[in-house]
Amino acid sequence: MALQVPLFINGEFVQSGSSNKLPVINPANQQLLAEVPLATQDEVDAAVASAKQAFATWRNVPVSERARLMMRYCALLKEHHDELAEILSQDTGKTFEDAKGDVWRGIEVVEQASNVGSNLMGETLENVASGIDSYSYSQPLGVCVGITPFNFPAMIPLWMYPLAIACGNTFVLKPSEQDPLTPLRLVELFVEAGAPKGVLNMVHGGADQVNQLLQHPDTQAISFVGSSKVGDHIYRAGTDAGKRVQCMMGAKNHMVIMPDADKNATLNALVGASVGAAGQRCMAISVAVFVGDSKLWLEELKERMSQARPGAWDDAGASYGPIISKPAYDKVLRLIAQGKAEGASCLLDGSDYQVPALPDGNWVGPTLFSDVSTDMAIYQEEIFGPVLCCINVDTLDEAIALVNDCPYGNGTSIFTASGGAARKYQHEIQVGQVGINIPIPVPLPFFSFTGWRASFRGDLHAYGKQAVRFYTETKTITAKWTHTESSTKQPNMSINL
Ligand code: NAD
């Protein structure tokens, strides 16, 4: 019998009583890895009730104790780094190198959560009026919820619950039903690190379970990462229900290539950023914008891109893995066919790609389109596959207008030798994360993950100081104390607080 993925409720791993289950499939060979339940309403309620009960105690645990839990967790995650990456590779098909990156970028957020005290500190001002002082505290919200996508099953859950919990909240995680095995191991390690009962809970499921969490009277804040359509729904439903909501959503990221750029570095970066992880990254480059004569590099781009190839997770020569599921694979193939039908030139077509040793995998070879126009489906839709669309423009101003016209605003990059062009681009572009001679500019956790426009809904972004503000409420105190001799007590000579 396939592994039955447990729920984690009130400190116990428990089997769901639900008869509704989904298969967890290895996309490289269609092997059934496990079955994941769609949790019942009572189970979701029990997870929230446990988190609510734990909050009453956890919010009073000293910040240094909460931080120490994260330090222990961080050490365990590092110790189990390769094991986690191997589980993640099976679950998603990612190459081992890529899976290690997924785990590591999550660990970096836990490192930051271990230092939460500095970021939780409020503001103070003495003598706002005569003898009156004001100061503010950041207090936790209560039960926070995380809903995560398939494409970074370690990193994205780790964007959420460590920081929320370090801030004094408790948490219910609803990971992607497509690859729940990595989150399961992450939760097991959190228990091993000494997490008290109820502080973290995990339920599984899809739309129904998410909607229940959105409507639940005892949840306070919702962090979502996933597609734009689902994120729009979650933002509206969550805010209507009075929750604080942040949604990190879909993308279409452009790389602008100036003719003065270093050709070798640019083309290498472009191939890796477009087909790496089979294009299943919200920061993948899906559109290359050639400015002026840089369009002459197209043939060389095609040559280099044709050398990238998908393969098994433990094939050291593979550039990337399979598409996560059959429906996602069908969508990529549909869009490639539509691109050809709509008149784009398909210079490399990966639709029929086969990996001989794994004939049942969801493989798509590197796919390159030129002569793409902005009304085509391959430009408008997020393909989430190893497909790069190329557009030529004459000037940097035209490139900026093109990128700013695209509704998404997650990431972009410019490759150039000109500081002036880079400065103009970073200043005028309406995108929240900009790389200058860097193809995938994902900020480290001292900053926050700051997508804009259709790639984000909410006010405060993921991880970093913004997430500390998202997971806390500010309380401002204005205090007047009058000193009289009669109130003076004996001094306390102890150094204990
Ligand atoms: P998805 O939207 O299908 O699923 C994300 C989560 O939402 C899952 O947990 C899923 O169970 C849940 N869900 C699905 N349908 C739902 C519904 N109707 N109502 C409520 N919840 C629902 O996304 P995915 O395919 O797992 O992930 C890929 C998407 O995520 C891409 O669009 C990608 O750009 C985006 N993404 C964005 C970022 C970012 O930071 N902006 C990062 C990673 C991925």
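Predicted, not measured: the structure shown is a model, and the values here were computed from it. (Residues numbered from 1 in each chain as written. Predicted model: local features only at pLDDT ≥ 70, side-chain atom pairs only at ≥ 80, totals over all residues.)

Some points on the overall build of the protein chain
Check the secondary structure of the protein chain and you find 16 helices and 23 strands. Expressed as lengths along the three principal axes of its C-alpha atoms, the size of the protein chain is roughly 85 × 60 × 40 Å. Evaluated residue by residue, the protein chain yields a buried proportion of 51% over its 497 residues. Within the protein chain, contacts between residues at least 6 apart in sequence are counted, and of these 71% link residues at least 24 apart. (Helix = DSSP H or I, 4+ residues; strand = E, 2+ residues; numbered from the N terminus. Buried ≥ 20, exposed ≤ 12 C-beta atoms within 10 Å, placed from the backbone. Contact = placed C-beta atoms within 7 Å.)

What to know about the domain arrangement of the protein chain
Here the protein chain is described as being made up of domain 1 (3-250 + 453-477) and domain 2 (253-407 + 411-436). Between the C-alpha centres of domain 1 and domain 2 the distance comes to 31 Å. With 20 residues of domain 1 in contact, the opposing surface of domain 2 contributes 22 residues. Elements with a minimum of two residues in the side of domain 1 that touches domain 2: α3 (81-92) and α4 (96-113). A breakdown of the residues in the side of domain 1 that touches domain 2 according to their chemical character gives seven nonpolar, ten polar and three charged. (Domains from an automatic or database assignment. Nonpolar A, V, L, I, M, F, W, Y, C, P; charged D, E, K, R; others polar.)

What to know about the environment of I285
Secondary-structure assignment places I285 in strand β14 (residues 285-291). Given 27 C-beta atoms within a 10 Å radius, I285 is considered buried. Considering only alpha carbons, one finds I285 and P439, 154 residues apart in sequence, at a separation of 7.5 Å. Setting aside residues no more than four positions away along its own chain, I285 makes contact with N253, M255, L270, A273, S274 and P439.

Considerations on helix α12 (residues 326-341)
Compared with an ideal rise of 1.5 Å per residue, which puts 16 residues at 22 Å, α12 spans 22 Å between its outermost C-alpha atoms and is within 8% of the ideal. Where the residues of α12 are buried, they touch β15 (345-348), β16 (367-370), α13 (377-380) and β17 (387-393). Just beyond α12, the residue with positive phi is G343, at close to 105°. (Expected span 1.5 Å × (residues − 1).)

Focus: the site of the ligand
Within the structure, the ligand sits among 29 residues, and P149, G226, S227, M248 and C282 are positioned closest to it. Across the shell around the ligand, the residue classes tally to 15 nonpolar, eleven polar and three charged. Both of domain 1 (3-250 + 453-477) and domain 2 (253-407 + 411-436) provide at least three residues apiece to the shell around the ligand. (Near = placed C-beta within 6 Å.)

What about the UniProt feature "domain: Aldehyde dehydrogenase" (unreviewed entry) in the protein chain?
Under the feature "domain: Aldehyde dehydrogenase" (unreviewed entry), the UniProt entry names residues 14-477. Secondary structure within residues 14-477 divides into 40% helix and 21% strand; the distance between the first and last C-alpha atoms comes to 44 Å. (UniProt positions renumbered as here; feature names shortened; annotations may be inferred.)

Focus on the pairing of strand β7 (residues 132-140)
As judged from the three bridges shared by strand β6 (residues 124-129) and β7, these two strands associate in the antiparallel manner. Considered in β7, the bridge of L125 is made with S134. Counted between consecutive antiparallel strands, the loop separating β6 from β7 contains two residues, among which G131 sits at a positive phi close to 75°. One ladder, built from nine bridges, connects β7 with strand β23 (residues 472-480); its direction is antiparallel. Along β23, the bridge assignment pairs Q139 with E473. (Pairing = 2+ DSSP bridges.)

Digging into the sheet that holds strand β4 (residues 21-26)
Sheet architecture is open: three strands sit in the order β1-β5-β4, paired in mixed fashion. Single-partner strands in this sheet number two, and they are β1 (3-4) and β4. One ladder, built from six bridges, connects β4 with strand β5 (residues 31-37); its direction is antiparallel. Looking across to β5, one finds that I25 is bridged to L32.

Here we look at the nonpolar core
L163, V172, I257, A288, V289 and Y471 are the most contacted members of the largest nonpolar core, which totals 153 residues. It is helix α6 (residues 155-166) that contributes the most residues to this core, ten residues altogether. Two domains share this core, each providing at least three of its residues, namely domain 1 (3-250 + 453-477) and domain 2 (253-407 + 411-436). Ignoring anything within four residues of it in the chain, the contact list for I257 reads T266, A288, V289, F290, V291, S294 and F415. (Core = buried A, V, L, I, M, F, W, Y, C linked by C-beta atoms within 7 Å.)

Some words on the pairing of strand β19 (residues 412-415)
Strand residues, when the strand is regular, have side chains that alternate between the two faces of the sheet. Residues of β19 alternate between two faces, with T412 and I414 on one and S413 and F415 on the opposite face, all of them buried. One ladder, built from four bridges, connects strand β13 (residues 253-257) with β19; its direction is parallel. The residue bridging V256 from the neighbouring strand is I414, located in β19. Alignment of β19 against strand β20 (residues 434-436), held across three bridges, turns out to be parallel. From the neighbouring strand, T412 faces β20, where its bridge partner is V434. In this view, the connection linking β19 to its parallel neighbour β20 by way of helix α15 (residues 419-428) has right-handed handedness. (Right-handed = clockwise from strand over helix to strand, strands pointing away.)

Re the sheet that holds β6
Spatial strand order, β6-β7-β23: three strands in an open sheet with antiparallel pairing. Strands with a single pairing partner mark the edges of an open sheet, and in this sheet they are β6 and β23. With strand direction ignored, the average angle separating the axes of adjacent strands in the sheet is 30°. (Axes fitted to C-alpha atoms, helices over the stretch in contact; angles between N-to-C directions.)

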